[in-house]
Amino acid sequence: MRLGTRLIVYYVTAIAAVLIGFSLALYLMAAKHLYRQADERLEAALNTLTAAAEIEPGGVTWEPEERRLTFNRRTLEGQLTWRISDPQGKRVDGSATGELDRILNRLGGVDGPTRHFASFSDAAGIPWRMASRRLDHPRLGGDSLAPIPRPPGHYDALILSAGTSLEGVRSDLRNLALTLVALSLAVWTLVLITGRRLCRLALQPVIEMAAAARAIGGYESESRLPTPGADDELGELCRSFNALLDRLGESMERQQRFTGDASHQLRTPLTSLQGHVDLALRQERPAEEYRRVLSLVQSKTRSLRQIVDGLMFLSRADAEARRLVLEESSLDAWLREYLDAWACPRRSDIVYESAAPASHRVSVHPPLLGELLGNLLDNAAKYSPPNTPIKVRLWHHDGGVSFSVSNVGQGIDRSDLPHIFEPFFRSESARLRGMQGVGLGLSVAARIAVAFGGRLTADSSPGQGAEFTVELPEHKAQTLEQAGRVSGTQAVGPGT
C-alpha cells in the first residue's frame, strides 16, 4: 500500500471515529433530555391530579363533576392518560380505557412519593411511560387494620396514576439518528474526497524526490535531490539525503583517485622491471650485468611489495574489520624501549622528552603502534638534514596521552596539510627534489591511530620543520573495533 493511501486511510478512519463519537454522544444526550421531559410531564400531571383532590375531615374526596381538570401546555405535549382509584384498585375516575386502564391499575399499592416504572409498549407497539402516587389522609391513612366506614366519595387514600406516550420521543430520536447519519456520511465523503488531494499535495515533494532519485545514474556524482521550498521535516529529509550524496560523491571521487594512483604506482615499477629484463635477455651478457639487473629487480620488487601491503591495509572495508585485543601498556616505557631499538643511521639524532607520569597507561596493539611510530620517524629522518634533532615528546592531557615526532627540515606547505593523509599524496616539492616514496605511510599511520580510538594530526610551516601528533585515549579494559582489518605488522617500508 502506498504512503498516500495509508495516510488517507488513517485520516478518514480518524474522522470517522470522531464523527461516530460525536453523533453517539449527541444522540445519548438528546435521548436523556427527551426522557427527562417525559418524566417531568408525568410529574406535572400527578401534581395537577393531586391539586384536584381534597382532604376533608372524613377522608380524601374526588368529585370530578364539580371540578374541571386543567393541565398546562407542557403536560399536554404528546398523548396523556390518567386514572384515579381507591387502595383496593376500584376505578374512581380517569381518561384511561382498555389496556391502558389495566396497566395503570397495576400501579396501585405504592406508598409515599412518586414511583416511576420502566417504559413499555402497548398492543399497537406505541411506547408508554407510567407513574403513580398515593395520596393519604394525614390522620386516616392506611394505619388501621380494618377499613373504617366513610361517607360516600370519601376515601382513606387515592392512587393517582398517569401515563404519557413516548411515540413523539421515539420519532424525534429516530429523526435525529437519521440526520446524524446523513450528516456524518456527507462529512466523511467530503473528507475522503478532499483528503486524497491534500495528501497528494503534502506528498508531492516526496514524489519529486523519488523521481529525481530514480533518475540519478550510478556515476552521476553531481546530481542532487530537489529541495522543497518549505523549511519543514521534508526539507530536512531532503537536505540529509543531499548531504549523504555529497559524502558518497566525495567517497567515489577518492576511490577513483585511489584506483588511478594505485594503477599508476603499480604500472611504473612493473614497466621498469619488464624493460630491464627484456634488455638483459636480448643478448648474452656478463655475469656482473645479470647481477646488476637482478639487484634492480629485487629493489623494484620490494617497492611493489610495499605498495601492495599498503593498499591491502587501506582497502579493508569496515564491515570486514577484525577485533584487535589491545594491550594495556605504559606509553613512556614502550617509547623508550622502541627508540632504543630503532635501527636507522640517524638513531643518534633522536631526542626524547617525557612530561607524562609513568603510571599513565593506554590500550594499544604494540606491533601496529611500532609501525605507526616507525613511519613517523622515517619521514622525519627523510625530510630533515643529517645531524639535526628529531624530537619525540610525550605529555599527558585530559582524557589521555599524546606523543609527537618533529624535525627541523624543509616543512610542509600549508596548502598540502589537508591532503597529506590521503593515499598516494605527495607534495610537489618532494616530487621536484626526487624524494623516494609512494605516499602511503602517513595514510597507514592515520588509520592505525583511529584503530586505537585516537587520531593523528600534523602541523608545519615551510622551512621550519613539521610536527606529527598522536592522541591516544586512556586505558579501558575492552576491545576496540579496528577501522580496517589488520593482522600483525604490515611491511610498509620507510619513506612512504
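The rules behind the values
- Along each chain, residues carry numbers from 1 onward, in the same order as the chain's sequence is written.
- Where local features are concerned, this predicted model is filtered to residues with pLDDT of at least 70; where side-chain atom pairs are given and counted, the filter is 80 or more; whole-chain, interface and lining totals use all residues.
- Only hydrogens and water are set aside; all other atoms, that is, all heavy atoms of the structure, feed into the side-chain values.
- Only DSSP runs of H or I covering at least 4 residues are called helices, and only runs of E covering at least 2 are called strands; the numbering of each starts at the N terminus.
- Relative accessibility under 20% of the residue-type maximum defines a buried residue, over 50% an exposed one, and the middle range a partly exposed one, all with a 1.4 Å probe and only protein chains included.
- Here, residues are in contact when the closest pair of their heavy atoms is within 4.5 Å.
- A carboxyl oxygen of Asp or Glu within 4 Å of a side-chain nitrogen of Lys or Arg is what we treat as a salt bridge.
- Here a pair means two rings of Phe, Tyr or Trp (six-membered ring of Trp) with centres within 6.5 Å. Their orientation is stacked below 30 degrees between planes, edge-to-face above 60, and tilted elsewhere.
- Any two strands between which DSSP finds at least two bridges are classified as paired.
- Residue types Ala, Val, Leu, Ile, Met, Phe, Trp, Tyr and Cys, when buried and joined through side-chain atoms within 4.5 Å, form a set referred to as a nonpolar core.
- The convention used is that axes are lines fitted to C-alpha atoms, helices contributing only their stretch in contact, and that angles between N-to-C directions extend from 0 to 180 degrees.
- Roughly parallel refers to an angle under 35 degrees, roughly antiparallel to one over 145, roughly perpendicular to one between 65 and 115, and oblique to any angle outside these ranges.
- By convention the crossing between two helices is left-handed if the near helix lies anticlockwise of the far one by an angle smaller than a right angle, and right-handed if it lies clockwise.
- Here the nonpolar group is Ala, Val, Leu, Ile, Met, Phe, Trp, Tyr, Cys and Pro; Asp, Glu, Lys and Arg are the charged ones; every other residue, Gly included, is treated as polar.
- Expected helix span is given by 1.5 Å per residue-to-residue step, counting one fewer step than there are residues.
- For a residue, the bend is simply the angle between two axes, fitted respectively to the seven-residue segment ending there and the seven-residue segment starting there.
- On a range of 0 to 100, pLDDT expresses the predictor's confidence in each residue.

**So, the overall build of the chain**
Part 1 of the argument: Helix and strand counts for the chain come out as 10 helices and 18 strands.
Part 2 of the argument: Across the 496 residues in the chain, those meeting the buried criterion constitute 38%.
Part 3 of the argument: When contacts within the chain are restricted to residue pairs at least 6 apart in sequence, long-range pairs at least 24 apart make up 70% of them.

**A closer look at the pattern of salt bridges**
Pairing is possible between side chains of opposite charge, provided their charged atoms come close.
Part 1 of the argument: The full count for this structure, using the stated rule, is 13 salt bridges.
Part 2 of the argument: Between Arg393 and Glu467 there is a salt bridge whose closest N-O contact spans 3.2 Å. Pair noted here: Arg393 is in strand β14 (residues 390–397) and Glu467 is in strand β17 (residues 466–473), with a separation of 74 residues, a long-range link.
Part 3 of the argument: With relative accessibility at 31%, the residue Arg393 sits in the partly exposed group.
Part 4 of the argument: Classification of Glu467 by relative accessible area gives partly exposed; the value is 24%.

**Regarding the packing of aromatic side chains**
Part 1 of the argument: Tallied over the full model, the rule gives three aromatic pairs.
Part 2 of the argument: Seen from their ring centres, Trp334 and Tyr338 are 5.2 Å apart, and the 15° between their planes marks the pair as stacked. Highlighted residues: Trp334 and Tyr338, both in helix α7 (residues 331–341), separated by four residues, approximately one helical turn.
Part 3 of the argument: Exposure remark for Trp334: the relative accessible area of 13% places this residue in the buried category.
Part 4 of the argument: On the accessibility criterion, Tyr338 (23% relative accessible area) is partly exposed.

**Some thoughts on the pairing of β14**
Part 1 of the argument: Two strands pair when backbone bridges link them, and strand β12 (residues 350–354) and β14 are joined in this way by five bridges, in the parallel orientation. Each bridged residue has a counterpart across the sheet, and for Ser354 the counterpart in β14 is Leu394.
Part 2 of the argument: Adjacent in sequence and paired antiparallel, β14 and strand β15 (residues 400–406) are bridged by two residues, among which Gly399 carries a positive phi angle near 95°.

**Here we look at the nonpolar core**
Part 1 of the argument: Residues Leu331, Leu377 and Phe403 are the most contacted members of the largest nonpolar core, which totals 39 residues.
Part 2 of the argument: In terms of residue count, the dominant contributor to this core is helix α8 (residues 366–382) (eight residues).
Part 3 of the argument: The contacts of Phe403, once residues within four sequence positions are left out, are Leu331, Leu335, Leu369, Leu372, Leu373, Arg393, Leu394, Trp395, Phe468, Thr469, Val470 and Leu472.
Part 4 of the argument: In terms of nonpolar packing, the next biggest core, distinct from the first, is built from 15 residues, Leu46, Leu49, Ala131 and Leu158 among them.

**Some details on unusual backbone geometry**
Part 1 of the argument: For Asn387, which is not glycine, the phi dihedral falls at a positive 65°.
Part 2 of the argument: By secondary structure assignment, the location of Asn387 is in the loop between α8 and β14.
Part 3 of the argument: You can call Asn387 exposed: its relative accessible area is 72%.

**Details of the sheet that holds strand β2 (residues 59–61)**
Across a sheet, strands are paired by hydrogen bonds formed along the backbone, either parallel or antiparallel in direction.
Part 1 of the argument: With antiparallel pairing, three strands are arranged side by side in an open sheet as β1-β2-β8. A strand with exactly one partner marks an edge of an open sheet, and here the two such strands are β1 (54–56) and β8 (154–155).

**Details of the packing of α7 against α8**
Part 1 of the argument: With their axes 11 Å apart at the nearest point, α7 and α8 run at an angle of 60° to one another. Judged by the angle between their axes, α7 and α8 are oblique. Once α7 is placed against α8, the crossing between them reads as right-handed. Residues Leu331, Trp334, Leu335, Tyr338 and Leu339 of α7 lie in contact with α8, whose contacting residues are Pro366, Leu369, Gly370, Leu373, Gly374 and Leu377.
Part 2 of the argument: Class assignment for the residues of the contact of α7 with α8 results in nine nonpolar, two polar and no charged.

**Some words on the packing of helix α1 (residues 3–52) against helix α4 (residues 167–215)**
Part 1 of the argument: Following both chains from N to C, one finds α1 and α4 inclined at 160°, their axes separated by 9 Å at the closest point. When the interaxial angle is binned, α1 and α4 end up roughly antiparallel. Judged by the sense of rotation from one axis to the other, the crossing of α1 with α4 is right-handed.
Part 2 of the argument: Its residues assigned to classes, the contact of α1 with α4 shows 25 nonpolar, four polar and three charged.

**Regarding the pairing of strand β9 (residues 157–165)**
Part 1 of the argument: Taking burial as the measure, the nine residues of β9 include nine buried ones, the bulk of the element.
Part 2 of the argument: In β9, alternate side chains face the same way, and those of Ala157, Ile159, Ser161, Gly163 and Ser165 on one face and Leu158, Leu160, Ala162 and Thr164 on the other are all buried.
Part 3 of the argument: Relative to β9, strand β7 (residues 127–136) runs antiparallel, the two being bridged by nine bridges. Paired with Asp136 across the strands is Ala157, a residue of β9.

**Description of α4**
Part 1 of the argument: Between its terminal C-alpha atoms α4 stretches 69 Å, which fits the 72 Å expected from 49 residues at 1.5 Å a residue.
Part 2 of the argument: Roughly 50° is the biggest bend found in α4, and it falls at Leu203, with proline Pro205 one to four residues downstream.

**So, the confidence of the model for the chain**
Part 1 of the argument: For the chain, per-residue confidence averages 77 on the pLDDT scale, and residues scoring 70 or more make up 77% of the total.
Part 2 of the argument: Model confidence for the chain, summarised as mean pLDDT per element, is weakest for strand β18 (residues 480–481) at 42 and strongest for β17 at 91.
Part 3 of the argument: Low confidence marks residues 142–146, where pLDDT is under 50. Its contacts with residues over four positions away, or in another chain, come to two contacts.
Part 4 of the argument: Confidence over residues 477–496 falls short of pLDDT 50; this stretch has 65 contacts with residues more than four positions distant or in other chains.

**Some words on the sheet that holds β17**
Part 1 of the argument: One open sheet accounts for five strands, arranged β12-β14-β15-β17-β16; its pairing is mixed. Of all strands in the sheet, those with a lone pairing partner are β12 and β16 (455–460), marking the two edges. On average, each strand axis in the sheet is inclined to that of its neighbour by 15°, with strand direction left out of account.
Part 2 of the argument: By the bridge criterion, seven bridges tie β14 to β15 in an arrangement that is antiparallel. Following the sheet pairing, Leu394 is matched in β15 by Phe403.
Part 3 of the argument: Packed on one face of the sheet, α7 meets β12, β14, β15 and β17 and runs near 170° to β12.
Part 4 of the argument: Taken strand by strand, α8 contacts β12, β14, β15, β16 and β17, and its axis lies near 30° from that of β15.

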